[in-house]
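So the chains spell out like this:
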Amino acid sequence: MTRIKPARLVVALALLILGIIGFELAVNTAGGQIVDQQLMVDAAAFSEDLGVFSAEFVGLVTPILIVGGVLVVLMITLRNNPIALTLRVVVVTLGPITTAWVLKQSLDRPDLNGLVMHNSFPSGTLTAITALVCAIVLVTPTRWRAVVAINGALLTIGTAISVVVRQWHRPSDVIGALLLVGCYTLAVAAFPLNTTAARHSILADPSNERLSGV
């Protein structure tokens, strides 16, 4: 039986608390709204080349989601315990995506100092991309996980920058999305899945000694 990793649950809780604090500071205070809005405006005006890059990058979001989804399905079918692994992927992806949608619909952005705008916290686009990246890392064999994680991080960073430069989201929306996905992913990772248990149990059976010699 795999032991629970309590440290990961603690970090997941810490990320949740940070997300709540970030929302309160960036959305429910006048100073936070001003800084958050100005950072987005400054990012959009920073560089014309960055704006072109961002426009092209966000156009790849849908294809990336489709290809990523196919990769997840393929890798699940190649692993042991596919049902358990599928349930973990569902939680890591649909959990934060659904939560982000509910938050965007239910949270209010108060009118402070004339900065009345609709709530955009957290970023749904970045939540979907980050959740998919985490799901792919989760189902990737350990020996390839570092390479996949690095490329996934670059994809996540590119999406985060793009949605701010395109003024789809404020920086607080981006941070909120990352914290949300991190919270779900760490909570799931706190319960490691032993994908080699089935094979070991067969070889450990005394009646299968002939298999161990193959």
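Residues numbered from 1 in each chain as written. Predicted model: local features only at pLDDT ≥ 70, side-chain atom pairs only at ≥ 80, totals over all residues. Heavy atoms only, no water.

A short note on the overall build of the protein
Part 1: A tally of helices and strands in the protein yields ten helices and zero strands.
Part 2: Considering the protein as a whole, with its 214 residues, one finds that 36% of them fall into the buried category.
Part 3: Here the contacts in the protein between residues at least 6 apart in sequence split such that 80% fall between residues at least 24 apart.
Part 4: Carbon together with sulfur atoms contributes 70% to the accessible area of the protein, which is approximately 12,400 Å² in total. (Helix = DSSP H or I, 4+ residues; strand = E, 2+ residues; numbered from the N terminus. Buried < 20%, exposed > 50% of the residue type's maximum accessible area, 1.4 Å probe, protein only. Contact = heavy atoms within 4.5 Å. Areas by Shrake-Rupley, 256 points an atom, 1.4 Å probe, with all protein chains shown as cover.)

A short note on the packing of aromatic side chains
Part 1: Across all of its chains, the model carries two aromatic pairs by this definition.
Part 2: Aromatic pair Phe23 and Phe121: ring centres 5.0 Å apart, planes at 55 degrees, arrangement tilted. Linking Phe23 in helix α1 (residues 6–27) with Phe121 in the loop between α5 (82–106) and α6 (124–139), this pair joins segments that are 98 residues apart in sequence.
Part 3: Relative to Phe57, the ring of Phe53 has its centre 5.4 Å away and its plane inclined at 40 degrees; by these criteria the two rings are tilted. Pair noted here: Phe53 and Phe57 are both in helix α3 (residues 48–58), with a separation of four residues, about one helical turn.
Part 4: A relative accessible area of 40% places Phe53 in the partly exposed class.
Part 5: A relative accessible area of 16% places Phe57 in the buried class. (Phe/Tyr/Trp six-rings, centres within 6.5 Å; stacked < 30°, edge-to-face > 60°.)

Focus: the confidence of the model for the protein
Part 1: Scored by pLDDT, the protein has a mean of 85; 88% of the residues are at 70 or more.
Part 2: The low-confidence segment residues 196–214, where pLDDT is below 50, has five contacts with residues more than four positions distant or belonging to other chains. (pLDDT = per-residue confidence, 0-100.)

Observations concerning α5
Part 1: Over its 25 residues, α5 extends 35 Å from the first C-alpha to the last, a length consistent with the 36 Å expected when each residue adds 1.5 Å.
Part 2: Leu94 marks the point of greatest bend in α5, at about 25 degrees, and the proline Pro96 comes within the next four residues.
Part 3: Taken residue by residue, α5 has Leu85, Arg88, Val89, Val92, Thr93, Gly95, Pro96 and Ala100 as its buried positions.
Part 4: Along its buried surface, α5 packs onto α4 (61–77), α6 and α8 (171–189). (Expected span 1.5 Å × (residues − 1). Bend = angle between axes of the 7 residues up to and from the residue.)

What about the nonpolar core?
Part 1: One finds Val72, Met75, Ile76, Leu85, Val89, Val92, Leu132, Ala135, Ile136, Leu138, Val139 and Val188 forming the largest nonpolar core, which totals twelve residues.
Part 2: Ranked by residues supplied to this core, first place goes to α6 with five residues.
Part 3: Sequence-distant contacts of Val139, that is, excluding residues within four places in its chain, are made with Val72, Met75, Ile76, Arg79, Leu85 and Val89.
Part 4: Among the nonpolar cores identified, the runner-up in size contains seven residues, and Leu126, Ala160, Val164 and Val174 belong to it. (Core = buried A, V, L, I, M, F, W, Y, C linked by side-chain atoms within 4.5 Å.)

So, unusual backbone geometry
Part 1: The residue after Phe121, namely Pro122, is reached through a cis peptide bond having omega -5 degrees.
Part 2: Mapped onto the secondary structure, Pro122 falls in the loop between α5 and α6.
Part 3: Residues other than glycine seldom take positive phi values, yet Gln167 does so here, at roughly 60 degrees.
Part 4: Examined against the element boundaries, Gln167 turns out to sit in the loop between α7 (142–165) and α8.

Structural notes on the environment of Asp173
Part 1: Residue position: Asp173 is located in helix α8.
Part 2: Ignoring any residue separated from it by four or fewer positions in sequence, one finds Asp173 in contact with Ser120, Phe121, Pro122 and Ser123.

A closer look at the side chain of Ser162
Part 1: Relative to the assigned elements, Ser162 resides in helix α7.
Part 2: A residue is classified by how much of its surface remains accessible, and Ser162, at 0% relative accessible area, is buried.

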